[in-house]
Amino acid sequence: MARGLVLCSQTRTIAKLSFFLPYPKLWFKPHCHHHPCYGPQNIPSARVFCHCVSSQTLNLVDMAKYNEAFSRRMAMAGIKHHNRIALGVSGGPDSMALCVLAASWKTEGLYGFDNSGKFIDGLFAIIVDHGLRSESKDEASLVGNRVSEMGIRCKIVRCDWLNGKPKQGHLQESARDMRYKIFQDVCMQNQISVLLVAHHADDQAELFILRSSRDSGVLGLAGMAFTSQVFSSHTNFCNNDWKNHSVLLVRPLLDFSKEDMYKICQGSNRDWVEDPTNRSPLFARNRIRASLGNLLSGTFNSELQAVISACRRTRIYVDQICNSLIKQSITVMDQGFAVINLKTLNPSKIEDICLSKFITLVLQFVSQRQRPIRGSTSKLLLQYIRTIPCKTSLTAAGCYICPAPGSKGFKALVCCSVDCPLPSNAESFHTFSNVEEKHCFSDELEQIIANGKSYSKNNLVTNSSQAQFLDMRSQSVLDEARRLDVISESTHRNIISLQRKEGSHFKSKTDEVASVCESKQGTEHIAAFLSEPLLPGQTCYFMNRFIISWKLSKEISSNWFRGEPLSVSYLEGDSHCCSVNEDEMVAKVRTMIDADWLYLAKLTKLPHSDNFEATRLPLTGKITCSDYSRLSAKVALKSLKSIPVAARKSIPVLVDDHGRLLSIPSIGFKHCPCMKASAVFKPRVPLGGGHSSFL
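- If you check an unreviewed UniProt entry, the protein chain appears there as tRNA(Ile)-lysidine synthetase from Gossypium lobatum.

Encoded structure:
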C-alpha cells in the first residue's frame, strides 16, 4: 500500500490518501485538477481512500447551515424523525456527507439510539459490493466500518451477476440497475419505507447536459425527481389484501453542490472513498463532469441551475394536468384494460406536451412496460387521440388501441397487446407472517406521501404562464431561457458547446446501438406466454398485471348460481375431471387465445347426463364434470360478450400439462366446481406512475 499527503487548493482541504496498487513497484502521484484527491491522469485501478485531517489553514465549516437545509428538505418530503430510513452508501464524499446529515437529523429529533446504545434508531445504511474488481470486498468492508463508527447500522450486499458481469459499455448502467434492485430488496426485508440517495446539484447539471445532447424535451431536462415512489419487483399478500411493495426514493441533497459534499465531510472529520472509474472518459457522465469542471464561473453554475429549476416548474405543471385528466377521463376495468372518454378528455384543448404525457402514462399502466414513448410513436399517438370520433385501431408501446364498442368512436379502449414484447413470467408471491407489522409498514409510507403532498401545495404551478418551456426541445429551451434573461449569452454559448461535444460521442454510436436494439427486439416477443407450472395453493404474479391462484376444495360454491352453495358429488370415469390427487395436479398460466372461445362454445353444445336436472336450484345429487363445465361455459360466454374482443386476448387462463383449458378465472369459468381459481387485476405500477415530486 502506498501513502501520500496532498493539499488541494480548490477545496482548501488537506486530504491524506491511501490506495492499493496492483503492482508494488509502481508509484502513483496524485494530481490536484478540479478534484480534491487526484487528477484525470495516472488513475489507479483501486479506489483512493481519503482521510480528512485537521489543520489551522482549513476554514471552519458551518455545519449548522447544512443541517438546517437538510432538515428543511426532509420536511418537504413529508418524512418525520420517527420514520425508518435507509441510506444508499457507496463510501464516496456524496454518500458520506448524506450519512453525516442523516445521523445528525435523526439524533436531533425525539429518537436517539436503539436498545444497544450503539446505533441510531431507525437509520440503516446499505452498501453494495458490485464485485467488479478484486478489491471491492475489502473496500466495502472498510466503508461499512466507517459508517458503523458514525452510529449507523449497515448491511453489505454483494452483487450476484447470474448472467455474467456486465460488459464495459454497459457497466455503469448495469451496476446502477443492480444497485437499486438490492436497495429495494433490503428495504422490503427490513420494513423500511424511505430510501435516501446522495444525488446533488452537480449531478443534475451533468444530467441536463447529457439529456440535452440527446435532444431531450423539457420533461427530461427537469432532471431527477426530488421524491419518487419506486415499485419493487416483489409483491406481498396479507389477509386477503394484495399490496405492491414500494419505497419512497428521496434525494435531499439536490440543493447542495459537490463542493458542499467535501465541506460536510471536512466539517465532520469524516473519511471517504474516491472511485477511479468516475474519472474514466469511457462514460458520458465522466466526460461531461470533466468539461463542466473547466467552467469554474459561479455565474455559469447558478444560471444553469436556474434553467433546470424552470424546467422543473414546467414538469410540475404537466404532471398536475395529467393527474387531473386521468381522474376525469379514464375508467379501469377488472379484466385489465382502460377506457378513455374522448369527449370528457377534449384533447383539442390540451397542449401537446400534456396530452403526450397523459397517453404515455395510460399505456405504461396497461402494458406495465415503463419505457418512454418518443419520436414518431409519440406523434402517431397524438394524432390518433385527437381524431374524434376515432374509427381505426393502433398498436403502440405494448398496447392495442381501438374504438370502444357502442361508443360511436367517442371512447377508446387501451388493451395490453400480446403481439408486443411483454413480461410473461409468473413470479411467486411473498408473504408477511406479522400482519400488524405489514400494515404498519404500508400505512407509514402512505402517511409520508400524504405529508409531502400537503407540504407541496404551496408550490403548485397553477397556470401555463408559470411553465415557461411547454412543448420545447433542448435547443428551444436554451433559446427561450436566453430571451427571458434566465441565462446570459456566455452561459448559453457554453452550454451549446457542451451539448455539441457530447452529442458527437452519442451520434457516433447511434448505428451500433440501433442494430443491437433491433436484434434484441426480434427475440423479446412472446410466443406462447406459458409460465412455469403453478401448484395448488400457490399465488403468482402474471405479466406484472394479474395475481393468480388456484386450489382444489371439497367445499364447493358458485358465484353464478343464485341461492345456497352447491353440494355436488361426482360420477366415476369422467375423462376430463380435474378432481384428481392434488399432489399430482399442476396448472400453467397463459393469455386467452381464439381457440379458448371456440372451446367454450363447443362445451355448451355437449349433451347433459341423464341424472342432471338443469332447472333445479340449488343443484344436489350427482353431477359429472362435463355437466358442470357445460353450464359454466354458458355463463362464461355471456360474460365474454360484454368484454371487447381486443381486451379478451390479455385475459389470463389456466391450462393443464396437455394444454387443455382448466379455468378462466376473470369470467368465472372452470371445468369442475372442486377447483377454486382467481385472477385479480393488480398492476405493479399504478395509473399515473405513483407519487413523485420535482420541487
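## Section: the pattern of salt bridges
Thought 1: Counting across every chain of the model gives 19 salt bridges.
Thought 2: Between Glu206 and Arg289 there is a salt bridge, with its nearest N and O atoms 2.9 Å apart. On the criterion of sequence distance, the pair formed by Glu206 in helix 5 (residues 201–213) and Arg289 in helix 8 (residues 284–293) is long-range, its members being 83 residues apart.
Thought 3: Using a relative accessible area of 3% as the deciding quantity, one classes Glu206 as buried.
Thought 4: Sharing partners across several salt bridges, the network here consists of Arg133, Glu135 and Glu139.

## Details of the nonpolar core
Thought 1: Counting residues in each nonpolar core, the largest one holds 88 residues, and the members touching the most others are Phe208, Cys311, Ile340, Leu345, Phe358 and Ile548.
Thought 2: Here the element with the most residues in this core is helix 9 (residues 298–329); it accounts for twelve residues.
Thought 3: Those residues in contact with Ile548 that lie beyond four places of it in its chain are Leu534, Gln538, Thr539, Cys540, Phe542, Val589, Pro652, Leu654, Ser678 and Ala679.
Thought 4: Counting 48 residues, the second largest nonpolar core, distinct from the first, contains Phe70, Ile85, Ala125 and Ala140.

## Things to note about the packing of aromatic side chains
Thought 1: A complete count under the given rule lists five aromatic pairs for this structure.
Thought 2: Here the aromatic rings of Tyr180 and Phe183 are separated by 5.5 Å at their centres, their planes lie at 75 degrees, and the arrangement is edge-to-face. Here Tyr180 pairs with Phe183, and both are found in helix 4 (residues 171–189), just three residues apart, close to one helical turn.
Thought 3: Classification of Phe183 as buried rests on a relative accessible area of 4%.
Thought 4: Pairwise contacts between aromatic rings join Phe365, Phe546 and Phe681 into one cluster.
Thought 5: Seen from the ring of Tyr180, Arg176 lies directly overhead, with NZ or CZ sitting 4.5 Å from the centre.
Thought 6: Of note, Lys343 hangs over the ring of Phe410, and the distance from its end group to the ring centre comes to 4.8 Å.

## Considerations on the sheet that holds strand 12 (residues 338–341)
In any sheet, the strands associate via hydrogen bonds between backbone groups, in a parallel or an antiparallel arrangement.
Thought 1: Strand order in this open sheet of five strands is 11-12-15-14-13, and the pairing throughout is antiparallel. This sheet does not close on itself; its edge strands, each paired only once, are strand 11 (330–332) and strand 13 (394–396). Going from strand to strand, the sheet's axes swing by 20 degrees on average, the running direction of each strand aside.
Thought 2: Set on the sheet, helix 9 makes contact with strand 11 and strand 12; between it and strand 11 the angle comes to about 60 degrees.
Thought 3: Strands in contact with helix 11 (residues 352–367) are strand 11, strand 12, strand 13, strand 14 (399–403) and strand 15 (411–416); relative to strand 15, the strand with the most contacts, it is inclined by about 45 degrees.

## Side note on the side chain of Gln191
Thought 1: Structurally, Gln191 is set in the loop between helix 4 and strand 7 (194–196).
Thought 2: At a separation of 3.2 Å, a polar atom in the side chain of Gln191 contacts the main-chain carbonyl oxygen of Met188.

## Here we look at the packing of helix 1 (residues 63–77) against helix 2 (residues 93–108)
Thought 1: Direction vectors running N to C along helix 1 and helix 2 enclose 75 degrees, while the axes themselves pass 10 Å from each other. By the angle class used here, helix 1 and helix 2 are roughly perpendicular. Together, Met63, Tyr66, Asn67, Phe70, Ser71 and Met74 of helix 1 and Leu98, Val100, Leu101, Ala102, Ser104, Trp105 and Glu108 of helix 2 make up the contact between the two elements.

## What about the environment of Val414?
Thought 1: Its place among the elements puts Val414 in strand 15.
Thought 2: Residue classification places Val414 among the buried positions, given a relative accessible area of 1%.
Thought 3: Sequence separation between Val414 and Val366 is 48 residues, and the spatial gap between their C-alpha atoms is 7.1 Å.
Thought 4: Every residue in contact with Val414, bar those within four places of it in the chain, is listed here: Phe337, Ala338, Ile340, Val362, Leu363, Val366, Cys399, Tyr400 and Ile401.

## With respect to the side chain of Ser629
Thought 1: Looking at the element boundaries, Ser629 is found in helix 18 (residues 625–641).
Thought 2: A residue is classified by how much of its surface remains accessible, and Ser629, at 1% relative accessible area, is buried.
Thought 3: Look past the residues within four positions of Ser629 in its chain and what remains in contact with it is Leu603, Phe669, Lys670 and His671.

## With respect to helix 11
Thought 1: Between the first and last C-alpha of helix 11 there are 22 Å, a value that for 16 residues agrees with the 22 Å anticipated at 1.5 Å per step.
Thought 2: Just downstream of helix 11, Gln368 is the residue with a positive phi angle, here 60 degrees.

## A closer look at unusual backbone geometry
Thought 1: The peptide bond linking Ile388 to Pro389 adopts the cis configuration, its omega dihedral lying at -5 degrees.
Thought 2: Here the phi dihedral of Asp215 falls at roughly 60 degrees; this positive angle occurs in a residue that is not glycine.
Thought 3: Tracing the chain through its elements places Asp215 in the loop between helix 5 and helix 6 (218–221).
Thought 4: With a phi close to 50 degrees, Asn346 is a non-glycine residue in the positive phi region.
Thought 5: Of note, Asn346 is situated in the loop between helix 10 (342–345) and helix 11.

## Quick notes on the confidence of the model for the protein chain
Thought 1: Overall, the prediction assigns the protein chain a mean pLDDT of 81, with 75% of residues at 70 or greater.
Thought 2: Contacts of residues 1–44 to residues separated by more than four positions or lying in other chains number 115 contacts, the stretch itself having pLDDT below 50.
Thought 3: Here residues 558–576 scores under 50 on pLDDT; set against residues more than four positions off or in separate chains, the count is 44 contacts.

Conventions adopted
The residue numbers shown here count from 1 along each chain, following its written sequence. Reporting in this predicted model follows two pLDDT cut-offs: at least 70 for local features of residues, and 80 or more for side-chain atom pairs to be given and counted; totals over whole chains, interfaces and linings ignore these cut-offs and use all residues. Note: side-chain values were computed over all heavy atoms of the structure, leaving out hydrogens and water. By definition here, a salt bridge exists when the distance from a side-chain nitrogen of Lys or Arg to a carboxyl oxygen of Asp or Glu is within 4 Å. Each helix is a run of DSSP H or I of at least 4 residues and each strand a run of E of at least 2, with the numbering of both proceeding from the N terminus. We call a residue buried when its accessible area falls under 20% of the maximum for its residue type, exposed when it is over 50%, and partly exposed in between, using a 1.4 Å probe and counting protein chains only. Throughout, nonpolar core names a set of buried Ala, Val, Leu, Ile, Met, Phe, Trp, Tyr and Cys residues whose side chains join them through atoms within 4.5 Å. Note on contacts: a residue pair is in contact if any heavy atoms of the two residues lie within 4.5 Å. Ring pairs shown here join Phe, Tyr and Trp side chains whose ring centres sit within 6.5 Å, with only the six-membered ring taken for Trp; geometry is labelled stacked below 30 degrees between planes, edge-to-face above 60, and tilted in between. Sitting over a ring, as applied to charges here, requires NZ of Lys or CZ of Arg to be within 6 Å of the ring centre and within 35 degrees of the ring normal. Pairing between strands requires that DSSP locate at least two bridges from one strand to the other. Orientation is described by lines fitted to C-alpha atoms, with helices fitted over the stretch in contact, and by angles between N-to-C directions that extend from 0 to 180 degrees. Under this definition, polar contacts are N or O atom pairs within 3.5 Å; protein pairs additionally need one hydrogen-donor-capable and one acceptor-capable atom, and for neighbouring residues in sequence, both atoms have to be side-chain atoms. We call two directions roughly parallel when the angle between them is under 35 degrees, roughly antiparallel when it is over 145, roughly perpendicular when it lies between 65 and 115, and oblique otherwise. One less than the residue count of a helix, multiplied by 1.5 Å, gives the span that helix is expected to have. As a per-residue measure, pLDDT tells how confident the predictor is, with possible values from 0 to 100.

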